Amino acid sequence: MLPNELCKLAMEAMGHAYAPYSGFQVGAALLCADGSVYQGCNIENAAYSPTNCAERTAIFKAVYDGHRDFTAIAVCGGKGGVITGAFPPCGVCRQVMREFCGDDFRIYLVNDKGFETVTLAQLLPYGFTAGEHMSANE
């Protein structure tokens, strides 16, 4: 799948967002290694911390269906269904991505002019992959 197709699916996912508190609708489209795509949207809660981001919604849907090998994700957001700039993944989403994705995992940050591509290593340069940890002596 071409990056611009994945970006269009993320834009479509924005329309499913539940964002009565911030007004910001965020959509994501996750590309699995086998070519399947999972869309996600942000789902807000009045208590804020139970809010789920679009990226995690897409990843959790894919994991539920047995997928663990991801190659890229497109993310977009804005108010009133209009993209208002790039929406990079939050720290929690970056950590969830680190759990399942390698350094070369591509993140397409959709903006009002197109999209910018970054890798997970660029967004989370000092992360650890699943099963790794750092001892107090390192």
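Located above this text is the structure these notes cover.
The structure contained in this document is the topic of the report that follows.

### Side note on a nonpolar patch on the surface
Inference 1: Taken together, the side chains of Tyr18, Tyr21, Ile43 and Tyr48 make up a nonpolar region of the molecular surface, amounting to roughly 430 Å² of accessible area.
Inference 2: Inspection of the secondary structure assignment puts Tyr48 in the loop between strand 2 (37-41) and helix 2 (54-64).

### Remarks on the pattern of salt bridges
Inference 1: Here the structure, examined in full by the defined rule, presents two salt bridges.
Inference 2: Close ionic contact of Asp112 with Lys113 constitutes a salt bridge, the shortest N to O distance being 3.9 Å. In terms of burial, Asp112 and Lys113 fall into one category: exposed.

### So, the pairing of strand 2
Inference 1: Pairing of strand 1 (residues 24-32) with strand 2 involves five bridges; the strand directions are antiparallel. Its bridge partner being in strand 2, Ala28 is matched across the sheet by Gly40.
Inference 2: The antiparallel pairing of strand 1 with strand 2 creates a hairpin that spans four residues between the two strands, and Gly35 there sits at a positive phi of about 95 degrees.

What counts as what
- Residue numbers here run from 1 along each chain, matching the order of that chain's written sequence.
- For a predicted model such as this one, the threshold for reporting local features is a pLDDT of at least 70, and the threshold for listing and counting side-chain atom pairs is 80 or more; totals across whole chains, interfaces and linings nevertheless cover every residue.
- With hydrogens and water set aside, each side-chain value is computed from the structure's full complement of heavy atoms.
- To count toward a patch, a residue needs a relative accessible area above 30% and no salt bridge. Like charges then connect within 9 Å, nonpolar side chains (Val, Leu, Ile, Met, Phe, Trp, Tyr) within 5 Å.
- Computed by Shrake-Rupley with a 1.4 Å probe, the accessible areas treat only the displayed protein chains as cover when residues are assessed.
- Salt-bridge detection follows one rule: a side-chain nitrogen of Lys or Arg within 4 Å of a carboxyl oxygen of Asp or Glu.
- A run of H or I in DSSP counts as a helix once it spans at least four residues, and a run of E counts as a strand once it spans at least two, with each numbered from the N terminus.
- Burial classes follow relative accessibility: with a 1.4 Å probe on protein chains only, a residue under 20% of its type's maximum area counts as buried, one over 50% as exposed, and anything between as partly exposed.
- We treat two strands as partners when DSSP finds at least two bridges between them.

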